Amino acid sequence: MSRMTRPLAGAAVLAAAALLAAGCGSGFSSSAKQPAQSSGPASLQILIGSSGDAETAAVKAAAAQWASNTKNKATVIPAQNLDQQLGQAFAGSAPPDVFYMDASKVADYASVGALYPYGNKVNDPNGFYPALRTAFTYKGTFYCAPKDFSTLGLVINTAMWAKAGLTDADIPTTWDQLTSVLTKIKAKGMVPLAVSPTHDRVDAFISQAGGSIVNKAGKPDADSQQNVQALTFVQGLLKSGLMQYSSQLDTGWGGEALGTGKAAMTIEGNWIEGAMKSDYPKIKYEIAPLPAGPAGAATLEFTTCWGISAKSKNHAAAISFVNAMTAPQQQLAFAKAFGVIPSRQSVQATYESQFPTDKAFLDGAPNGVGPVNAPKVTTVLADYDTQLTQLAKGSPTAVLQRLQTNLTQALGS
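Now for a description of the structure that goes with this document. (Residues numbered from 1 in each chain as written. Predicted model: local features only at pLDDT ≥ 70, side-chain atom pairs only at ≥ 80, totals over all residues. Heavy atoms only, no water.)

### Observations regarding the overall build of the protein
- Counting secondary structure elements, the protein contains 17 helices and 14 strands.
- Against the globule reference of 22 Å for 413 residues, the protein gives a C-alpha radius of gyration of 21 Å, in line with a compact fold.
- Pairs at least 24 residues apart make up 75% of the contacts formed inside the protein by residues separated by at least 6 positions.
- For the protein, the exposed area adds up to about 17,100 Å²; of that, 53% sits on carbon and sulfur atoms. (Helix = DSSP H or I, 4+ residues; strand = E, 2+ residues; numbered from the N terminus. Rg over C-alpha atoms; globule rule 2.2 N^0.38 Å. Contact = heavy atoms within 4.5 Å. Areas by Shrake-Rupley, 256 points an atom, 1.4 Å probe, with all protein chains shown as cover.)

### Describing the environment of Gln177
- Topologically, Gln177 is positioned in helix α7 (residues 175-187).
- Sequence separation between Gln177 and Pro291 is 114 residues; the distance between their C-alpha atoms is 8.1 Å.
- Leave out the neighbours within four places in its chain, and Gln177 touches Ile171 and Pro172.

### Structural notes on the nonpolar core
- One finds Leu231, Met265 and Tyr384 to be the most contacted residues of the largest nonpolar core, which totals 76 residues.
- With seven residues, helix α9 (residues 225-239) is the largest single contributor of residues to this core.
- Not counting residues up to four positions away in its chain, the partners in contact with Met265 are Leu154, Val155, Ile156, Trp161, Leu178, Val181, Leu182, Ile185, Pro192, Leu193, Ala194 and Leu258.
- Counting residues in hydrophobic clusters, the runner-up holds 51 residues, among them Leu82, Leu115, Tyr118 and Tyr138. (Core = buried A, V, L, I, M, F, W, Y, C linked by side-chain atoms within 4.5 Å. Buried < 20%, exposed > 50% of the residue type's maximum accessible area, 1.4 Å probe, protein only.)

### Considerations on the state of the cysteines
- Going through the model one piece at a time under the given rule, you end up with one disulfide.
- Put simply, Cys144 and Cys305 are joined by a disulfide, and their sulfur atoms are 2.1 Å apart. The sign of the S-S torsion, about -80 degrees, decides the handedness of the disulfide formed by Cys144 and Cys305: left-handed. Note that Cys144 is positioned in the loop between β5 (141-142) and β6 (145-151) and Cys305 in strand β12 (residues 299-308), a separation of 161 residues in sequence.
- Taking relative accessible area as the criterion, Cys144 reaches 1% and is therefore assigned buried.
- For Cys305, a relative accessible area of 0% translates into the label buried. (Disulfide = S-S within 2.5 Å.)

### As for the packing of helix α2 (residues 53-70) against helix α13 (residues 328-338)
- At a minimum axis separation of 9 Å, α2 and α13 run at an interaxial angle of 155 degrees. By the angle between their directions, the pair α2 and α13 is classed as roughly antiparallel. As α2 packs across α13, the resulting crossing turns out to be right-handed. Residues Ala54, Glu55, Ala58, Val59 and Ala62 of α2 pack against Gln330, Phe334, Ala337 and Phe338 of α13.
- A breakdown of the residues in the contact of α2 with α13 according to their chemical character gives seven nonpolar, one polar and one charged. (Axes fitted to C-alpha atoms, helices over the stretch in contact; angles between N-to-C directions. Parallel < 35°, antiparallel > 145°, perpendicular 65-115°, else oblique. Left-handed = near helix turned anticlockwise from the far one by under 90°. Nonpolar A, V, L, I, M, F, W, Y, C, P; charged D, E, K, R; others polar.)

No statement about biological role is implied by the geometric values presented.
The structure is reproduced here in structure tokens:
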């Protein structure tokens, strides 16, 4: 899944339908008999959702090195549309052995027995950031090893910031301070803040208010007072013009709004650095942690794991492959090659020294909140996104009550 923009709803629905077909008709269930494991050299099929040529080349090189070291074979296949191709592969009973699995999809696949739950079998399973382990845990089982992650930060166009008479001392650390600096920027005739009009940006405010869409017990909790408080705050920013959606500025995402000078700030993850370097190299910017809300500091966390198919006949080789891909030095090599943040805590200090501009994103790791960890909610969240685009003119309570109803129907709660 692209972290800069959400996938098309049609592709997500198609993948979900294919997965359900796999779960209902292809022998995927929690009680399904494990496939007979192959002996001798293995030949792994590895499906990845690559961010570009740099990532594809890096993963292929690492896979080739593992194959050489272990006398196995590894074929890396970059997907054109990972959700769609993975869903179709499972529906056709021919899934890859190893694949990228976004945290937002784990519950869908785990709930029908499509994932091999190997998480606690990898080297040093407790060495991953706790929030990442949680993101890939479904009904108490740690399913797969986190590949990498990012959190959201406040990205500031320093020239526009200075034009508003602001300095580093003014970087906001609370909602009240955020409102204050946004007001000063607007007074200078600039759009203060632009964000993408989706829940995977707006829900950062819900986390900061202490709310959640689905609680830790897996029950819908969308219409809580904390969530109403958060969306009321966001609505106030939108109504006053202190914040605008990127779509209102004729831009595709927050990074474009920042890079083209249409907004002084945005809320994005570390992938914005590559985009700024390639598309807007003359724009100088600074990254800060998101301001804390009434419940304290919080940000959203985006992460992908190395999924292993329950139907694979190469489980031992697949775990060996994942161990190689998540080894500390390999994670640092991936970070250097295509800009991801390692999922292992042991390399944090080294990573910070090599990538000092990412400190704000790393600082958010202890307070990161992963995506909704529940099956069958793709269309529900797509509808929620649609409601958020109209938040300035709507009712936060009505938006959240609708979400609560839809989640209750989807989850049977």
